[in-house]
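# Coordinate inspection notes
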Amino acid sequence: MKKILSWGFVAFLIYFMAFRPDGAAQLFKGIGAALVAIFQGFGDFLTGLMS
């Protein structure tokens, strides 16, 4: 079941990027921005612990 869902997700991503490239770009930009914010917050937390 997990393998089927994984392949379905990959197929959806390919379809999404092929037919909605602007939407896909915005989605990946948002994911990237969220990851940067998470790691920046983690870095700020560690900096706060050290000082």
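Just so it is clear, the model here is predicted, and its values are computed rather than measured.

What follows deals with the overall build of the protein. Helices and strands together make up the secondary structure of the protein, namely 2 helices and 0 strands. Relative to a compact globule of 51 residues, whose C-alpha radius of gyration would be 10 Å, the protein shows 17 Å and is clearly more extended. Counting only C-alpha atoms, the protein reaches 50 × 30 × 5 Å along its principal axes. Sorting the 51 residues of the protein into buried and exposed places 4% on the buried side. Put simply, the protein shows about 4,700 Å² of open surface, and 76% of that area lies on carbon and sulfur atoms.

Side chains of Trp7, Phe9, Val10, Ile14, Met17, Leu27, Phe28, Ile31, Leu35, Ile38 and Phe39 sit close together on the surface and give an oily, nonpolar patch of about 1,100 Å² of accessible area. Counting residues per element, the nonpolar patch draws most heavily on helix α2 (residues 21–50), which supplies 6 residues. On the secondary structure map, phenylalanine 39 appears in helix α2. The class of phenylalanine 39 is exposed, set by a relative accessible area of 58%.

This part is about the packing of aromatic side chains. Aromatic ring pairs: the centre-centre distance and the angle between the two ring planes describe each pair. A complete count under the given rule lists 2 aromatic pairs for this structure. For the pair phenylalanine 12 and phenylalanine 16, a centre-to-centre distance of 5.8 Å together with 10 degrees between the ring planes defines the contact as stacked. Here the residue phenylalanine 12 and the residue phenylalanine 16 both occupy positions in helix α1 (residues 2–19), the gap between them amounting to 4 residues, near one helical turn. The class for phenylalanine 12 is partly exposed, based on a relative accessible area of 47%. Centre to centre, the rings of tyrosine 15 and phenylalanine 19 are 4.8 Å apart; their planes meet at 45 degrees, and the pair counts as tilted. Of this pair, tyrosine 15 and phenylalanine 19 both sit in helix α1, 4 residues apart, which is roughly one turn of that helix. Look at phenylalanine 19 and you get exposed, because its relative accessible area is 59%.

Relative to the elements of secondary structure, leucine 27 occurs in helix α2. For leucine 27, a relative accessible area of 40% puts it in the partly exposed group. When the C-alpha atoms of leucine 27 and tryptophan 7 are compared, they prove to be 20 Å apart, with 20 residues separating the residues in sequence.

Definitions and limits used
- Per chain, the residues get numbers from 1 upward, laid out in the order the sequence is written.
- Note on the predicted model: pLDDT of at least 70 is required for a residue's local features to be given, and 80 or more for side-chain atom pairs to be given and counted; whole-chain, interface and lining totals, by contrast, use all residues.
- For side-chain calculations, the full set of non-hydrogen atoms in the structure is used, while hydrogens and water are omitted.
- For the purposes of this entry, the term helix denotes a DSSP run of H or I that reaches at least four residues, the term strand denotes a run of E that reaches at least two, and both are numbered from the N terminus.
- Each radius of gyration reported is based on C-alpha atoms, and the globular scaling rule is 2.2 Å times the count of residues to the power 0.38.
- Relative accessible area decides the class of each residue, using a 1.4 Å probe on protein chains only: under 20% of the type maximum gives buried, over 50% gives exposed, and in between gives partly exposed.
- Under the convention used here, a 1.4 Å probe and the Shrake-Rupley method define accessible areas, while residue burial counts only the protein chains that appear.
- Two joining distances apply to patches: 9 Å for like charges and 5 Å for nonpolar side chains (Val, Leu, Ile, Met, Phe, Trp, Tyr), and every residue must have over 30% relative accessible area and no salt bridge.
- Note on definitions: salt bridges are taken to be side-chain nitrogens of Lys or Arg within 4 Å of carboxyl oxygens of Asp or Glu.
- Between 30 and 60 degrees the pair is tilted, below 30 it is stacked and above 60 it is edge-to-face, where a pair is any two Phe, Tyr or Trp rings, Trp via its six-membered ring, whose centres lie within 6.5 Å.

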